[in-house]
Amino acid sequence: MRALVLFLLLVCGTSSALQQPKQQAVVVGCGPVGVAASLILASKHNFDVTLLESSPESSSQSKYDPTKAFLYNVNGRGQTLTKMFPTMHQKLVERSVASKGFAATKIIIVPADPTTPIPKSKSNIQGTTKEEETNANKSMPSGEKVANVGYWIPRHEMVQLMVEEIDEHNRRGLGGKITLCTGQECVSVLPSEKDGDITITAKEIVSSGQTTKKYTANLVVAADGMNSKVRECLANASHGTWSSKCVNSSKFIPKKYTSPASFLRIKVLQLPPQFEIPDADGNPPLKTFSEDIYAIRSVNTGPRTYLSLGLLPMKDNDAVRPTNIITRPDHGVWKINDGKSMREYFQKAFPRLNFEEGGLISNEEWDRFAKAEGTRFPPCQYSQGMAVWDESGSSGVVLVGDSIHAFSPDIGQGVNAGLMDVVCLDRALSGLDPETGKETDTTEKSKPTTLGANLERYQKQHAPEVAALIRLARFGAPYQYNQPHRADRVLKKLWTTNVVMRLLLNKLSFGLIQPPCIILSQNKDLTFRQVMSRADRSTALLKTILFAGLALWARKRFGLSLFHSL
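As the structure is a computational prediction, the values presented were derived from the model and not from experiment.

Whenever I open this one, the overall build of the chain confuses me. Can you help?
A tally of helices and strands in the chain yields 16 helices and 23 strands. When the accessible area of the chain is evaluated, it comes to approximately 27400 Å², of which 56% is carbon and sulfur surface.

Help me understand the environment of Y382, please; the structure alone is not making it clear to me.
Along the chain, the position of Y382 falls in strand β20 (residues 380-382). Classification of Y382 by relative accessible area gives buried; the value is 9%. Through-space distance from the C-alpha of Y382 to that of M226 is 8.9 Å; in sequence the pair is 156 residues apart. With near-sequence residues (within four places) excluded, Y382 lies in contact with P254, K255, Y257, I404, H405, V466, A467 and I470.

Teacher, can you tell me more about the nonpolar core here?
Nonpolar side chains in soluble globular proteins tend to end up buried together. Ranked by internal contacts, the top residues of the largest apolar core, which has 94 residues, are I200 and L219. I200 has contacts with V26, L52, C186, S188, V189, K213, K214, Y215, A217 and V220, leaving out every residue within four places of it along the chain. Among the nonpolar cores identified, the runner-up in size contains 26 residues, and L307, W334, I336 and F369 belong to it.

Can you walk me through the pattern of salt bridges in this structure?
Between side chains of opposite charge, a pair can form when the charged atoms approach closely. Taken as a whole, this structure holds 16 salt bridges when the rule is applied. Note that E373 is salt-bridged to R265, the shortest N-O span being 3.7 Å. Here E373, found in the loop between α9 (363-371) and β19 (375-376), pairs with R265, found in strand β13 (residues 265-271); they are 108 residues apart in sequence, far enough to count as distant. A relative accessible area of 11% means that R265 is categorised as buried. The shortest N-O distance in the salt bridge between D488 and R328 comes to 2.8 Å. Residue D488 is found in helix α13 (residues 486-508), and its partner R328 is found in the loop between β18 (321-327) and α8 (339-349); the two are separated by 160 residues along the sequence. Through salt bridges with shared partners, one network takes in E165, E168, R171 and R172.

Looking at this structure, I do not really get unusual backbone geometry. What am I missing?
A negative phi angle characterises most non-glycine residues, just as the trans form characterises most peptide bonds. For D281, which is not glycine, the phi torsion reads 55° and is therefore positive. Mapping D281 onto the fold places it in the loop between β14 (276-277) and β15 (286-287). Unlike most non-glycine residues, N482 shows phi in positive territory, near 55°. For N482, the location among the structural elements is in the loop between α12 (451-475) and α13.

Honestly, the packing of aromatic side chains in this entry has me stumped. Any pointers?
To describe a pair of aromatic rings, you give the distance between the ring centres and the angle between the ring planes. According to the stated counting rule, one finds 10 aromatic pairs in the structure shown. Geometrically, the ring pair formed by F377 and Y481 is tilted, given 5.3 Å between the ring centres and 50° between the ring planes. With F377 in the loop between β19 and β20 and Y481 in the loop between α12 and α13, the pair connects residues that are 104 residues apart, well separated along the chain. The class of Y481 is buried, set by a relative accessible area of 15%. Taken together, Y345, F346, F350, F355, W366 and F369 form an aromatic cluster joined through their ring pairs. The ring of W334 carries R265 above its face, with NZ or CZ at 3.9 Å from the centroid.

I tried to follow the pairing of strand β8 (residues 184-191) on my own but got confused; where do I start?
Here is the key point about a regular strand: its side chains alternate between the two faces of the sheet. Here β8 runs beside strand β9 (residues 198-204); their pairing, made up of 7 bridges, is antiparallel. Bridge pairing in β9 links Q184 to E204. Here β8 folds back onto β9 in antiparallel fashion, the turn holding 6 residues, of which G196 has a positive phi close to 95°.

Quick question: what am I supposed to make of the pairing of β18 here?
Counting buried residues along β18, 5 of its 7 residues qualify, which places the element largely inside the surrounding structure. Pairing of β13 with β18, which is carried by 7 bridges, proceeds in the antiparallel orientation. The residue bridging K267 from the neighbouring strand is I325, located in β18.

Mind showing me how you'd approach the environment of L505 here?
Position of L505 relative to the elements: it lies in helix α13. For the pair L505 and L542, spaced 37 residues apart in sequence, the C-alpha to C-alpha distance is 9.9 Å. Beyond its immediate stretch of four places on either side in the chain, L505 contacts I513 and L542.

What exactly am I supposed to notice about the sheet that holds strand β21 (residues 387-389) here?
By definition, the strands of a sheet pair up through backbone hydrogen bonds, in either a parallel or an antiparallel sense. Ordered by their spatial adjacency, 6 strands build an open sheet running β7-β2-β1-β11-β22-β21, and the pairing between neighbours is mixed. With one partner strand each, in any of the chains shown, β7 (178-182) and β21 form the two edges of the open sheet. Going across the sheet, the axis of each strand differs from the next one's by a mean of 15°, ignoring polarity.

Each value, and the rule that gives it
- Residues numbered from 1 in each chain as written.
- Predicted model: local features only at pLDDT ≥ 70, side-chain atom pairs only at ≥ 80, totals over all residues.
- Heavy atoms only, no water.
- Helix = DSSP H or I, 4+ residues; strand = E, 2+ residues; numbered from the N terminus.
- Areas by Shrake-Rupley, 256 points an atom, 1.4 Å probe, with all protein chains shown as cover.
- Buried < 20%, exposed > 50% of the residue type's maximum accessible area, 1.4 Å probe, protein only.
- Contact = heavy atoms within 4.5 Å.
- Core = buried A, V, L, I, M, F, W, Y, C linked by side-chain atoms within 4.5 Å.
- Salt bridge = Lys/Arg side-chain N within 4 Å of Asp/Glu carboxyl O.
- Phe/Tyr/Trp six-rings, centres within 6.5 Å; stacked < 30°, edge-to-face > 60°.
- Lys NZ or Arg CZ within 6 Å of the ring centre and 35° of its normal.
- Pairing = 2+ DSSP bridges.
- Axes fitted to C-alpha atoms, helices over the stretch in contact; angles between N-to-C directions.

Written out as structure tokens, the structure is:
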């Protein structure tokens, strides 16, 4: 009888534990970073997740949209996240074009003059040979080889394979459930009167009126982009809204810096799949292949007329081929708003291509392209505040992706840095060091493990990494768009000289002088702090050598010592 009572108590206790409600999370934003955060919270931390998306259609983020027809290169940092979900990572590999280091990437530069033959493709974008890449790798310290494989994939296809992972996760029924709610625009985020909860108010976009809906959660994740409404709510929060241990609300007002690529304007022109480029000297036309990179030059080379069409690799050879035009805001192309005039402008700029009426591009596409506003590259901005929590530590709000940091795409780290934010959040919620994934020291272990304590760890340890990322974005590769203003051309030559000099000195010094920061950033095993720290040390060393050289020259030339004159 006693044994039966114990058995019933055990069964009832287990049943009660199983019926305890899971923690609730709301993720705002259904881009790649928001979907990644939802997967991590549901599968790794047993949250039931509500994923809010402002677009009214559930498939809008995974549909092709010419206004968002850009491609991601998911490098080693981004793959830290995708490899946590093997099926999703395998789909990424299958649906993308692998970029195996510098030498394996083909690029065809098409001259503007139609009488000039199209040269053979270069071995890679930088123009380095396999031997040069091997030598560059040899000059780096062990473990810092630039041998990461990146994967080129259109944005909508990246979102699609991640949404498929959500469906598979829900089908398996393990961990928390992920529910997608579309047409929901976040309006406010505030602690609830009930201790340990946060209330998220969303406006229903599909409604003709001002209907709102409220959601309750323990954790809110802001993945709603560079103009984040969640971050704005935290910036406007009154004193005492959140724990006294949180950073001041003013820290959620982004710090902004201008780089040479900031505010460039961009929009997409759609070319047909496998279109042909006429060649010269009686050669057959070049039939384009989706996995190759093309740079088609125009005859316009002036400060306000220069154009170039760039096509990045994609897997589907039968898909529409989007090409970007990226210019300064004062370029003449932005003054054209009708399809006929735009087509005539492009025909004069690219005489090699058939842009005549009835040619490569339809009149409907020229009209769409002419009327499209496009978008602008943002300034290099970041939020020093990344998380808040209540006094009890049982609820909080955290930022990831563009809601923390935004910058132009020239360093190729946008989506990768966002996915790494999610990885760092996962580590912090697991009580690990957000940057290394290792266990924290004994002092950290002795602290109570609450949601608030984990978010505090994320705030303190991830903030310096984001600050370093923004420095890299400002100085890494800001002139790759061939900005045509005269000042741009001079500064690009200086930037290129600096890059070449550091690469040469890296070899001559056997690694004492580090390669440029943009090269160092290709190594996924280095944090952005380590990248910028190494670049700064090399800069300090070069300045010291320069100063010493000037001192020796002055002593020899004028018979005096700079040190004695100070």
